[in-house]
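Listed here are the chains, written in short residue letters.
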Amino acid sequence: MALLTKAACTSEANQREKKNLQVAYQAACEGIVLLKNDGALPFQTKRVALYGSGASMTIKGGTGSGEVNERHSVTILEGMEDRGFEITTRGWIRDFEDAYAVAEQAYQVEKKKRLNLLKPNSIMDMLFDNFRAPSGPAICDAYVEASDTDSCIYVVSRQAGEGGDRRAEKGDLFLTEEEREAIRFCAQSYPHFVLAINAGSAIDMAFAEEIPGIDGILYLCQLGTEGGHAFADVISGAVTPSGKLSDTWAKQYADLPFAEEYSYLNGNLEEEFYRESIYVGYRYFDSFGVEPAFPFGFGMSYTDFVLSSDGIAVDSSRVSVTARITNIGKTYSGKEVAQLYVSAPAGMLHKEYQSLTAFGKTEILAPGASQTLELTFDLRDMASYRESDGCFVLEAGEYILRLGNSSRNTTPVGVLVLEEEVIVSRHEQICPLQAPMEELQAARVEQAPLAEVPRVKVESSAFETKVYHYENPAVCDEPQVQAILDTLSLKEMTEIVVGAGFYNPATRFTLPGSVGNTTSAFWDRGLANVTLCDGPAGLRIQKISVVDRKGKVKPIEMPIAIFNSFPDFIRKFMVGDPDKGQLLYQYTTAFPVANALAQSWNTELMQEVGSAIFREMKEYGCTYWLAPAINIHRNPLCGRNFEYFSEDPRLSGLMAAAITRGVQQEEGFYVTVKHFACNNQEDNRMKVSSNVGERALREIYLRGFELCVREGQAKGIMTSYNRINGVYAPNSYDLCTKVLRNEWGFDGVVMTDWFATNGGTMRNALAMKAGNDLIMPGLGGNKKDILKGVRAGCITEEDVRRCCGRVIRAILNSAIQKEYLG
């Protein structure tokens, strides 16, 4: 059997790789958020003292499936030196790197001791056991004197990843005593001191008010392969920071609603209760008057901007606010983000104080320059869900439009007056709670009358109520699909709806490093196999592989970091010898993680990121990119917040939709939006039940997925491991069919997360009935379970045929199918 692969036989960087690096650099620049600046930035010197665990060991992204195997990632140290900075603390950095090497070796030894290959859960548990870098040698007068500069940066770094949540302890959410003392000493010793935070999501910021002398704070998040260069250009002033927070940063963790009930903190990992209802992030802080350290949408610049409204237009239910942004500074050019929020009237339903409805980012504006942006939204999208009768409603009253550059810096610019209640849509209720749950409600507050702002009447007659109808979609009736379906037995259909793993020797088209494939069993009957590759910080595939004399492909390095803890005999089996075969090269790009991408607030740039990923998919033959991931940042301790966009569903959904449009610009390349739904914690993710009221489910946790499906036309969805109100996501007919297909019109493929149905909890047969089309990666037992379900009458052959038809259609439309089988 001939090997079919699109991997290159040369290691030289091609034009696609160079072009994508430029996109990654721009995304990194726009994802950096300036949180504080008392005149320290930009630096006026190129002689800088650099300390901290993230200085030379900068973390470019999180761990687990979100890793990317790029050619090289630029650290802060490297980036600064490339840009002409003289780092005057090379001695401290060398001492730190020595301590780092010793600590990492000890960590690997200990990790190998705990690994039990006979227990799959042992492997999964080790995904989140991330290495914590040492703080390095204590910073003392000798280091300061030797540095011979007045300017200093200290980089705090944190790592998190798949499989476990962050810990509310020193060394993770909180600073260690060593870090705290180092920051205090540097702030005291250097006239210009900047703190840089290299972490996938927020850390507790109480220390920032307690330690004097912190002149600047930069939040880098995790910036991918070009992060070091972007950081250097921001601190030098070559680039003016324009990032805005995608989350609210609390002054202290305890300020969050039900903070001590999250995940493992209350000792209950079986049931997670979303008691905060719709009050997530700024919706809570703004509604309940809690002062944050840094508000949602906040980010400083080296220049100043003024935002004003040039008018409001209403066309039926469509509303447009013309925002004028002017750079009133005298020295620096820069970009600004205009953010539009809506405060809904106090009615029978409790409401958040305000919610984001539209945003836009300017071009680079020189001092004195202005730009207008049209911030447009549909008022129907501001409707609240009324659980009592299953309706999205706009209650009568005044809808206040607030324009600003963060959730805490807005000005009312207009009022929309709706004189009668409007029912926007009628729904069947979904995912019922299994027991009553007391939920948070904000007090009803009447908005004070607003003077001297435009008031625009919105006619209730402009709205037409959408009534959804619920039924099983028909089996795909496209002739090509039907022609194949008609030749398949029930058993053969199970071969198609159950995928194959990444080390499957029977796979015909091979993309080294892909995490799964559809079956190759029907290649000779005209149906190709397609590959599925991890994301979302890029395309995670193997950068160097070897083809041995028998045509078998093996990686040269382990595909993800966790595998480095495997015993040597396992590693020898998994890894090939580069001297015994043809080498294959696949260099992809590590983009900033999703949280950093969201901080750009730039949908045009997100589409460029999607286009860059598309170019890599096309070059190497990937059909399904397992991204974007758009779960909500419900709590900063979630282990995978780095690969999710935001606490806000609208920001999340619009950024994901833009990336989706870039990836799917040609037929046959698909995103796989994940993790559907309520995968908001990692501890016990395979069993935990996310218990959430229907209103919060629809308004907060499903809204981002809806935007990506409706506006981005996403062609793939991945269900989550967890339960939603007691029902496993792959087995939820409410989610996979009623919401996705009947309400949103989704017509793509729904697949499980990896090995979701192998643990005896989620059922393969019920996944088919629910509308979860593809079991990944699947084994013989998964197929038997489906056949058994048909025989037992719990599902029908028609259920399997419906799922099979959708998978076949996606394969027939894929680029791989067209290239190899016509």
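Provided above is the structure to which this section pertains.
> Teacher, can you tell me more about the overall build of the chain here?
Each helix and strand counted, the chain has 22 helices and 32 strands in total. Against the compact-globule benchmark of 28 Å for 822 residues, the chain has a radius of gyration of 26 Å, which places it among compact chains. By its C-alpha atoms, the chain is 75 × 75 × 50 Å across when sized along the principal axes. Intrachain contacts of the chain at a sequence separation of at least 6 include 79% that bridge at least 24 residues.

> Any chance you could explain the pattern of salt bridges here in plain terms?
Pairing between side chains of opposite charge can happen when the charged atoms of each approach one another. Summed over all chains, the structure comprises 64 salt bridges. A salt bridge links arginine 640 to glutamate 643, with the shortest nitrogen-to-oxygen separation between them at 3.0 Å. In this structure, arginine 640 and glutamate 643 share a single accessibility class: buried. Between aspartate 799 and arginine 802 there is a salt bridge, and its shortest N-O distance comes to 3.1 Å. Of this pair, aspartate 799 and arginine 802 both sit in helix 21 (residues 797-812), three residues apart, which is roughly one turn of the helix. Assessed through its relative accessible area of 5%, aspartate 799 is described here as buried. One continuous salt-bridge network, built from bridges that share partners, spans Glu162, Arg640, Glu643, Glu682 and Arg685.

> Could you clarify how one ought to interpret helix 20 (residues 780-792) in this entry?
Note that an α-helix has 3.6 residues per turn; residues three or four places apart therefore point the same way. Between the first and last C-alpha of helix 20 there are 18 Å, a value that for 13 residues agrees with the 18 Å anticipated at 1.5 Å per step. Listed as buried for helix 20 are Asn782, Lys783, Asp785, Ile786, Leu787, Gly789 and Val790. Buried residues in helix 20 make contact with helix 11 (490-497), helix 19 (764-770) and helix 21.

> What's the story with the packing of aromatic side chains in this structure? I'm lost.
The way to describe two aromatic rings as a pair is by their centre distance and the angle between their planes. Applying the stated criterion across every chain yields a total of 26 aromatic pairs. Residues phenylalanine 614 and phenylalanine 669 carry aromatic rings whose centres are separated by 5.2 Å and whose planes lie at 90 degrees to one another, so their mutual orientation is edge-to-face. With a gap of 55 residues between them, phenylalanine 614 in helix 14 (residues 603-620) and phenylalanine 669 in the loop between helix 15 (649-663) and strand 26 (670-671) connect regions that are remote in the sequence. Between phenylalanine 676 and tryptophan 744 the ring centres are 6.0 Å apart and the planes differ by 65 degrees, which places this aromatic pair in the edge-to-face class. Of the two residues, phenylalanine 676 sits in strand 27 (residues 673-676) while tryptophan 744 sits in the loop between helix 18 (733-743) and strand 32 (749-751), which places them 68 residues apart along the sequence. Residue phenylalanine 676 is classed as buried on the basis of its relative accessible area of 1%. An aromatic cluster is present here, built from Tyr51, Trp92, Phe96, Tyr100, Tyr107, Phe131 and Tyr190 joined pairwise through their rings.

> Would you take a moment to explain unusual backbone geometry for this structure?
For the bond from lysine 674 to histidine 675, the omega torsion is -5 degrees, close enough to zero to count as cis. Along the chain, the position of histidine 675 falls in strand 27. For the peptide bond that leads from methionine 776 to proline 777, omega is -10 degrees, which places it in the cis range. Inspection of the secondary structure puts proline 777 in the loop between helix 19 and helix 20.

Criteria and thresholds
- Residues numbered from 1 in each chain as written.
- Predicted model: local features only at pLDDT ≥ 70, side-chain atom pairs only at ≥ 80, totals over all residues.
- Heavy atoms only, no water.
- Helix = DSSP H or I, 4+ residues; strand = E, 2+ residues; numbered from the N terminus.
- Rg over C-alpha atoms; globule rule 2.2 N^0.38 Å.
- Contact = heavy atoms within 4.5 Å.
- Salt bridge = Lys/Arg side-chain N within 4 Å of Asp/Glu carboxyl O.
- Buried < 20%, exposed > 50% of the residue type's maximum accessible area, 1.4 Å probe, protein only.
- Expected span 1.5 Å × (residues − 1).
- Phe/Tyr/Trp six-rings, centres within 6.5 Å; stacked < 30°, edge-to-face > 60°.

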